[in-house]
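Take a look at the letters that make up each chain.
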Amino acid sequence: MKADQDTIALEVAGKRIENFTRYRVESDLFKAADDFSMTFEDPGVDIDPGARCRVFVNGVLELNGIIDQVRAGYGHGRTELSVSGRDLMGLLVDSHVGIGQTDQEIELKALARDLLADVPFINRKAIIYGKGHKAAVKEQSDSFELEKAQREPTATIFDTLSRHARERGLLFWCQADGTFVFGKPVRTGKADFKLVNRMDGAGNNILSCDRIRDISGRYSRVTVIGQQQGEDDFGEADINQTAVATDPDMPFFKPYCAVMGQDLSDPAAYAAMILNGQRFAGFGLEVDVAGHSQAGKNYQANTLCHVDDEYFGYRQLFFVSARTFVMGRRGVITRLRLSEPGVVPA
């Protein structure tokens, strides 16, 4: 599909709007909520903040959410309306827990059910807990069991659920249709997309590519300390287990230490997850391609792509962690954030 054939539509207030002057639709697996912004001259319909909306790209649903902001203006011979919003996860990002208590031996499912009970628009019966999803959790059911779950009144619902999920090695995200998922990103399999930059120009589809390598937040050694009691002050008698993970790619010694949460049972897994998060933040490719699709399939986060780039010397699989559809001065493009497969932020 060529770039000039890409279509995008916003469904809101019972009408489908397609006459945009510019837009941005972002999906990031490691960002709390996906978001979008769109500008048009005359949508032909009144749009209010709080309205339910859906964004379609090439006829495929890419975001199910809510309008957060509406901005209208005129001048210099033009009228303009801009809207921005987020997917349904935005509700959890904004909503605070408001319940100060500690749950002993509660499943992640039960905690999610309780915290989401009063959140509107959420299909609580459709939440995916690993099974039946391509990001399925292969571990036993204890991946969803929490020995202790702390509900801080001022913490958001998203932060609370995401924190407990990450401590079990899981991510918490929202699919394009609004379904919530506790699971793991894609690590292996066939490439969904192919990105090419060859010196002879044959088959090139990469418009631009930036490589980011940053060691400021990376450490050569991560040590996780387990505690039997206390949170801030502890001595040798309070420590019951430790684990260490190392990064052989760090050019010099730089240690990092973390205290394990009281409901964690696997310090080694937690240390590895922290190290992976540091590696994720310290390396990535940012690639721009024309259009929003390849071979009839929209670019997606949580997919794999094969990169054949002679400039940087890559010919391998990468993980698509984020994808942004953009229409602006450069026309219709897609921006992709690529990282190492299996490297997940802590």
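Thresholds, definitions, all that
- Residues numbered from 1 in each chain as written.
- Predicted model: local features only at pLDDT ≥ 70, side-chain atom pairs only at ≥ 80, totals over all residues.
- Heavy atoms only, no water.
- Phe/Tyr/Trp six-rings, centres within 6.5 Å; stacked < 30°, edge-to-face > 60°.
- Helix = DSSP H or I, 4+ residues; strand = E, 2+ residues; numbered from the N terminus.
- Buried < 20%, exposed > 50% of the residue type's maximum accessible area, 1.4 Å probe, protein only.
- Pairing = 2+ DSSP bridges.
- 1 Å grid on protein atoms, 1.4 Å probe; cavity = no way out; pocket = protein on both sides within 12 Å on 5 of 7 lines; lining within 4 Å.
- Points joined across faces, edges and corners; volume = space filled by probe spheres on them.
- Nonpolar A, V, L, I, M, F, W, Y, C, P; charged D, E, K, R; others polar.
- Core = buried A, V, L, I, M, F, W, Y, C linked by side-chain atoms within 4.5 Å.
- Contact = heavy atoms within 4.5 Å.

Engineer: Describe the packing of aromatic side chains, naming the residues involved and giving the relevant values.
Structural biologist: Counted under the stated rule, the structure contains 14 aromatic pairs. For the ring pair Phe30 and Phe280, a centre distance of 4.8 Å and an interplane angle of 70 degrees mean the geometry is edge-to-face. Of this pair, Phe30 sits in the loop between strand S3 (20-28) and strand S4 (35-40) while Phe280 sits in helix H4 (residues 267-282), and the two are 250 residues apart along the sequence. Among the residues examined, Phe30 registers a relative accessible area of 17% and is labelled buried.

Engineer: How would you sum up unusual backbone geometry? Please name residues and give values.
Structural biologist: Phi angles above zero are rare outside glycine, and His76 is one such case at about 55 degrees. Counting through the fold element by element, His76 comes out in the loop between strand S6 (60-75) and strand S7 (78-87).

Engineer: Kindly report on the pairing of S4, identifying the contributing residues and their values.
Structural biologist: Counting buried positions along S4 yields five of six residues, so the element is predominantly enclosed. The pairing of S3 with S4 spans six bridges and is classified as antiparallel. Each residue of the ladder has a partner; that of Tyr23, found in S4, is Met38. In this antiparallel pair of consecutive strands, S3 and S4, the connection spans six residues. Direction of pairing for S4 relative to S7: antiparallel, over a ladder of six bridges. Looking at the pairing, Ser37 lines up with Ser84 of S7.

Engineer: Can you lay out empty space enclosed by the protein for me, pointing to particular residues and giving the numbers?
Structural biologist: Taken as a whole, this structure holds one cavity of 30 Å³ or more when the rule is applied. In this structure, the largest cavity encloses a volume near 40 Å³. Contributing to the lining of the largest cavity are Pro185, Val186, Arg187, Phe319, Glu340, Gly342, Val343 and Val344. Split by residue class, the lining of the largest cavity holds five nonpolar, one polar and two charged.

Engineer: Outline the nonpolar core, listing residues and values.
Structural biologist: Within soluble globular proteins, side chains that are nonpolar tend to cluster in buried spots. Counting 37 residues, the largest nonpolar core has Leu10, Phe36, Met38, Phe40, Ile47, Leu195 and Leu338 as the members making the most contacts within it. With sequence-adjacent residues up to four places away left out, Leu338 is seen in contact with Leu195, Gly284, Leu285, Val287, Cys305, Val307, Phe318, Phe319 and Val320.

Engineer: Got a sec to walk through the environment of Leu63? Specific residues and values, please.
Structural biologist: By the secondary structure assignment, Leu63 is in strand S6. Remark: the alpha-carbon pair of Leu63 and Asp35, spanning 28 residues in sequence, is separated by 8.2 Å. Discounting chain neighbours no more than four positions away, the residues touching Leu63 are Asp34, Asp35, Phe36, Cys53, Arg54, Val55, Arg86, Asp87 and Ala176.

Engineer: Please give an account of the environment of Leu91 that cites residues and values.
Structural biologist: Within the secondary structure, Leu91 sits in helix H1 (residues 89-94). The exposure class of Leu91 is buried, given its relative accessible area of 17%. The sequence separation of Leu91 and Phe121 amounts to 30 residues, and the corresponding C-alpha distance is 9.2 Å. Once residues within four sequence positions are removed from consideration, Leu91 is found in contact with Ile66, Val119, Pro120, Phe121 and Ile122.

Everything listed here is a matter of geometry and, on its own, says nothing about what the molecule does.
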